[in-house]
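Okay, here's what each chain looks like letter by letter:
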Amino acid sequence: MIAKEEICEDQARRGFFAKVSVALGALLALFPLGAGIGILFDPLRRKSGRGDWIAIAPLSALPEDGSPVRFPVILKESIDAWTKKKDVPIGAVYLKRVNGGDVVAFNVTCPHLGCAIDFRSAERDYFCPCHNSSFGLDGSISNPDSPSPRPMDSLQTKVEKGEIKVKYLDFRAGIKDKIPIA
Ligand code: FES
(Lines give C-alpha, C1' and ligand atoms only; values in the text may rest on other atoms or scores of the structure.)
Protein backbone atom coordinates (compact mmCIF):
# COMPACT_ATOMS: atom_id res chain seq x y z
CA MET A 1 0.00 0.00 0.00
CA ILE A 2 1.29 3.44 -0.94
CA ALA A 3 1.70 5.84 1.92
CA LYS A 4 -0.19 9.13 1.82
CA GLU A 5 3.07 11.16 2.09
CA GLU A 6 4.48 9.40 -1.02
CA ILE A 7 1.37 10.37 -3.03
CA CYS A 8 1.72 13.99 -1.92
CA GLU A 9 5.45 14.04 -2.79
CA ASP A 10 4.72 12.57 -6.22
CA GLN A 11 2.07 15.19 -6.92
CA ALA A 12 4.38 17.98 -5.79
CA ARG A 13 7.17 16.65 -8.07
CA ARG A 14 4.79 16.53 -11.05
CA GLY A 15 3.59 20.05 -10.30
CA PHE A 16 7.18 21.28 -10.19
CA PHE A 17 8.10 19.65 -13.53
CA ALA A 18 4.91 21.03 -15.12
CA LYS A 19 5.86 24.56 -14.05
CA VAL A 20 9.43 24.14 -15.32
CA SER A 21 8.10 22.90 -18.69
CA VAL A 22 5.76 25.87 -19.03
CA ALA A 23 8.57 28.28 -18.15
CA LEU A 24 10.96 26.66 -20.65
CA GLY A 25 8.29 26.67 -23.36
CA ALA A 26 7.62 30.37 -22.81
CA LEU A 27 11.35 31.12 -22.90
CA LEU A 28 11.83 29.21 -26.16
CA ALA A 29 8.84 31.00 -27.69
CA LEU A 30 10.51 34.36 -26.98
CA PHE A 31 13.57 33.59 -29.14
CA PRO A 32 11.78 33.56 -32.51
CA LEU A 33 9.70 36.54 -31.37
CA GLY A 34 12.87 38.48 -30.55
CA ALA A 35 14.46 37.50 -33.86
CA GLY A 36 11.30 38.54 -35.72
CA ILE A 37 11.27 41.95 -34.05
CA GLY A 38 14.96 42.35 -34.89
CA ILE A 39 14.32 41.59 -38.57
CA LEU A 40 11.25 43.86 -38.62
CA PHE A 41 13.12 46.85 -37.24
CA ASP A 42 16.53 46.16 -38.81
CA PRO A 43 16.03 48.62 -41.71
CA LEU A 44 15.41 51.43 -39.21
CA ARG A 45 18.87 50.83 -37.76
CA ARG A 46 20.60 51.06 -41.14
CA LYS A 47 22.34 54.27 -42.05
CA SER A 48 21.42 56.73 -44.80
CA GLY A 49 25.02 56.82 -46.02
CA ARG A 50 25.80 60.14 -44.35
CA GLY A 51 29.13 59.94 -42.61
CA ASP A 52 30.41 57.26 -45.00
CA TRP A 53 33.14 57.76 -47.59
CA ILE A 54 31.46 58.52 -50.93
CA ALA A 55 33.27 58.65 -54.29
CA ILE A 56 32.63 62.04 -55.92
CA ALA A 57 34.83 62.55 -58.99
CA PRO A 58 38.25 61.79 -60.46
CA LEU A 59 41.05 64.11 -59.32
CA SER A 60 41.63 64.97 -62.99
CA ALA A 61 38.22 66.74 -63.02
CA LEU A 62 39.58 69.55 -60.82
CA PRO A 63 41.38 72.53 -62.43
CA GLU A 64 45.08 72.84 -61.60
CA ASP A 65 44.63 76.54 -60.70
CA GLY A 66 42.63 75.69 -57.54
CA SER A 67 39.23 76.88 -58.82
CA PRO A 68 36.42 75.10 -56.98
CA VAL A 69 34.03 72.83 -58.86
CA ARG A 70 30.58 71.85 -57.62
CA PHE A 71 29.64 68.15 -57.69
CA PRO A 72 26.51 66.30 -56.61
CA VAL A 73 26.88 63.71 -53.86
CA ILE A 74 25.21 60.51 -55.03
CA LEU A 75 24.67 57.48 -52.85
CA LYS A 76 25.01 54.28 -54.87
CA GLU A 77 22.45 52.61 -52.66
CA SER A 78 20.22 54.10 -49.99
CA ILE A 79 18.15 52.14 -47.52
CA ASP A 80 15.45 54.32 -46.03
CA ALA A 81 13.38 52.27 -43.55
CA TRP A 82 12.05 49.43 -45.76
CA THR A 83 12.81 51.04 -49.15
CA LYS A 84 15.99 50.35 -51.10
CA LYS A 85 16.92 52.92 -53.80
CA LYS A 86 19.85 53.28 -56.13
CA ASP A 87 21.81 56.42 -57.14
CA VAL A 88 20.18 58.78 -54.67
CA PRO A 89 21.36 62.44 -54.61
CA ILE A 90 21.87 63.48 -50.96
CA GLY A 91 23.64 66.82 -51.35
CA ALA A 92 26.41 68.65 -53.14
CA VAL A 93 29.98 69.74 -52.45
CA TYR A 94 32.61 72.13 -53.74
CA LEU A 95 35.94 70.43 -54.35
CA LYS A 96 39.16 72.34 -54.82
CA ARG A 97 42.78 71.37 -55.33
CA VAL A 98 45.37 72.54 -52.83
CA ASN A 99 49.12 71.93 -53.15
CA GLY A 100 48.62 70.05 -56.42
CA GLY A 101 47.30 66.69 -55.23
CA ASP A 102 45.36 67.42 -52.04
CA VAL A 103 41.68 68.28 -52.12
CA VAL A 104 39.49 70.34 -49.82
CA ALA A 105 35.73 69.99 -49.78
CA PHE A 106 32.91 72.17 -48.56
CA ASN A 107 29.25 71.35 -48.20
CA VAL A 108 27.37 73.75 -50.54
CA THR A 109 24.66 74.35 -47.91
CA CYS A 110 24.88 77.75 -46.25
CA PRO A 111 25.34 77.51 -42.45
CA HIS A 112 22.97 80.47 -42.02
CA LEU A 113 19.61 79.04 -43.06
CA GLY A 114 20.43 76.33 -45.54
CA CYS A 115 20.36 77.96 -49.00
CA ALA A 116 22.79 76.75 -51.66
CA ILE A 117 26.02 78.74 -51.88
CA ASP A 118 27.31 79.85 -55.31
CA PHE A 119 30.91 80.11 -56.43
CA ARG A 120 31.57 83.50 -58.08
CA SER A 121 34.45 83.03 -60.49
CA ALA A 122 34.92 86.80 -61.13
CA GLU A 123 35.17 87.62 -57.41
CA ARG A 124 36.93 84.33 -56.61
CA ASP A 125 34.71 83.78 -53.60
CA TYR A 126 31.64 81.89 -52.42
CA PHE A 127 28.38 83.80 -52.07
CA CYS A 128 24.99 82.90 -50.66
CA PRO A 129 22.30 84.87 -52.51
CA CYS A 130 19.62 84.39 -49.84
CA HIS A 131 20.97 86.88 -47.28
CA ASN A 132 24.33 87.87 -48.81
CA SER A 133 26.83 85.85 -46.83
CA SER A 134 30.20 85.70 -48.53
CA PHE A 135 33.08 83.34 -47.92
CA GLY A 136 36.71 83.17 -49.05
CA LEU A 137 38.10 80.27 -51.04
CA ASP A 138 39.21 78.72 -47.74
CA GLY A 139 35.58 78.78 -46.55
CA SER A 140 36.08 81.56 -43.98
CA ILE A 141 33.57 84.41 -43.65
CA SER A 142 34.96 87.20 -45.83
CA ASN A 143 32.41 89.94 -45.14
CA PRO A 144 31.77 90.84 -41.48
CA ASP A 145 28.16 91.75 -42.38
CA SER A 146 27.48 88.15 -43.43
CA PRO A 147 24.68 86.70 -41.31
CA SER A 148 26.22 83.22 -41.45
CA PRO A 149 27.11 82.22 -37.87
CA ARG A 150 30.13 80.16 -38.95
CA PRO A 151 32.42 79.50 -41.95
CA MET A 152 31.40 77.07 -44.69
CA ASP A 153 31.25 73.48 -43.50
CA SER A 154 34.40 71.65 -44.52
CA LEU A 155 34.36 67.89 -45.10
CA GLN A 156 37.05 65.22 -44.85
CA THR A 157 38.52 64.10 -48.18
CA LYS A 158 40.91 61.46 -49.48
CA VAL A 159 42.19 60.48 -52.91
CA GLU A 160 42.31 56.76 -53.70
CA LYS A 161 43.55 55.53 -57.11
CA GLY A 162 42.86 58.96 -58.58
CA GLU A 163 39.31 59.05 -57.19
CA ILE A 164 38.24 61.78 -54.74
CA LYS A 165 36.20 60.54 -51.82
CA VAL A 166 34.38 62.70 -49.30
CA LYS A 167 33.05 61.82 -45.87
CA TYR A 168 29.74 63.51 -46.48
CA LEU A 169 27.76 65.12 -43.65
CA ASP A 170 25.08 67.78 -43.29
CA PHE A 171 25.22 70.17 -40.35
CA ARG A 172 22.70 72.12 -38.30
CA ALA A 173 22.02 75.57 -39.71
CA GLY A 174 21.76 78.85 -37.81
CA ILE A 175 24.18 78.08 -34.96
CA LYS A 176 27.85 78.86 -34.35
CA ASP A 177 28.88 75.27 -33.71
CA LYS A 178 29.32 72.77 -36.53
CA ILE A 179 27.06 69.93 -35.37
CA PRO A 180 26.36 67.03 -37.77
CA ILE A 181 22.78 66.03 -38.46
CA ALA A 182 22.40 62.31 -37.81
S1 FES B 1 20.88 81.18 -46.05
FE2 FES B 1 22.79 81.87 -46.73
S3 FES B 1 22.94 83.86 -46.03
FE4 FES B 1 21.06 83.20 -45.30
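Residues numbered from 1 in each chain as written. Predicted model: local features only at pLDDT ≥ 70, side-chain atom pairs only at ≥ 80, totals over all residues. Heavy atoms only, no water.

Novice: Describe the overall build of the protein chain, with residues and values.
Specialist: The helix and strand inventory of the protein chain stands at one helix and nine strands. Traced from its N-terminal end to its C-terminal end, the protein chain shows the element sequence α-β-β-β-β-β-β-β-β-β. Split into buried and exposed, the 182 residues of the protein chain put 29% on the buried side. Long-range contacts, defined as pairs at least 24 residues apart, comprise 50% of the intrachain contacts of the protein chain with a sequence gap of at least 6. A total accessible area of about 11,600 Å² is found for the protein chain, and carbon and sulfur atoms account for 59% of it. (Helix = DSSP H or I, 4+ residues; strand = E, 2+ residues; numbered from the N terminus. Buried < 20%, exposed > 50% of the residue type's maximum accessible area, 1.4 Å probe, protein only. Contact = heavy atoms within 4.5 Å. Areas by Shrake-Rupley, 256 points an atom, 1.4 Å probe, with all protein chains shown as cover.)

Novice: Explain the sheet that holds strand β7 (residues 133–135) to me, using residue names and the numbers behind them.
Specialist: Taken together, the three strands give an open sheet; going across it, the order is β5-β6-β7, and neighbouring strands pair in antiparallel fashion. The outermost strands of the open sheet, each flanked by one partner alone, are β5 (118–120) and β7. Strand-to-strand, the axes of this sheet are offset by a mean angle of 30°, without reference to chain direction. Strand direction decides the pairing type here: β5 and strand β6 (residues 125–128), joined by three bridges, are antiparallel. (Pairing = 2+ DSSP bridges. Axes fitted to C-alpha atoms, helices over the stretch in contact; angles between N-to-C directions.)

Novice: Tell me about the state of the cysteines, and name the residues and values.
Specialist: In protein structure, a disulfide is the covalent linkage between the sulfur atoms of two cysteines. As enumerated under the stated definition, the model contains one disulfide in all. Each sulfur of the disulfide joining Cys115 and Cys130 lies 1.9 Å from the other. An S-S torsion of about -95° defines the bridge between Cys115 and Cys130 as left-handed. Of this pair, Cys115 sits in the loop between β4 (102–107) and β5 while Cys130 sits in the loop between β6 and β7, and the two are 15 residues apart along the sequence. Cys130 gets classed as partly exposed once you look at its relative accessible area, which sits at 38%. (Disulfide = S-S within 2.5 Å.)

Novice: Break down the nonpolar core for me, with residues and values.
Specialist: Of all hydrophobic cores here, the largest spans 19 residues; its most connected members are Ile56, Val93, Leu95 and Tyr168. Elements with a minimum of two residues in this core: β1 (53–58), β2 (69–80), β3 (83–98), β4 and β9 (163–167). Here the element with the most residues in this core is β3; it accounts for four residues. Aside from chain neighbours lying at most four places away, what touches Ile56 is Phe71, Pro72, Val73, Val93, Leu95, Glu163, Ile164 and Val166. Residues Phe106, Ile117, Tyr126 and Phe135 belong to the second largest nonpolar core, which totals 10 residues. (Core = buried A, V, L, I, M, F, W, Y, C linked by side-chain atoms within 4.5 Å.)

Novice: Could you give an account of the packing of aromatic side chains, naming the residues involved and the relevant values?
Specialist: The tally for this structure, following the rule as stated, stands at three aromatic pairs. With a centroid separation of 5.0 Å and an interplanar angle of 55°, the aromatic rings of Tyr94 and Tyr126 are classed as tilted. In this pair, Tyr94 sits in strand β3 while Tyr126 sits in strand β6, placing the two residues 32 residues apart along the sequence. Among the residues examined, Tyr94 registers a relative accessible area of 4% and is labelled buried. An aromatic cluster of at least three residues, connected via ring pairs, comprises Tyr94, Phe106, Phe119 and Tyr126. (Phe/Tyr/Trp six-rings, centres within 6.5 Å; stacked < 30°, edge-to-face > 60°.)

Novice: Give a detailed account of the pairing of β3, specifying residues and quantitative values.
Specialist: By the bridge criterion, six bridges tie β3 to β4 in an arrangement that is antiparallel. Considered in β4, the bridge of Arg97 is made with Val103. Linking β3 to β4, which pair antiparallel, is a turn of three residues; within it Asn99 sits at a positive phi near 55°.

Novice: Describe the pairing of β9, with residues and values.
Specialist: Residues of β9 alternate between two faces, with Ile164 and Val166 buried on one and Glu163, Lys165 and Lys167 left unburied on the opposite face. Two strands pair when backbone bridges link them, and β1 and β9 are joined in this way by five bridges, in the antiparallel orientation. The residue bridging Trp53 from the neighbouring strand is Lys167, located in β9. As defined by bridge partners, strand β8 (residues 154–160) adjoins β9 across five bridges and the pair is classed as antiparallel. What sits directly across from Glu160, in β9, is Glu163. Taken together, β8 and the strand that follows it, β9, pair antiparallel across an intervening segment of two residues, in which Lys161 is found at a positive phi of about 50°.

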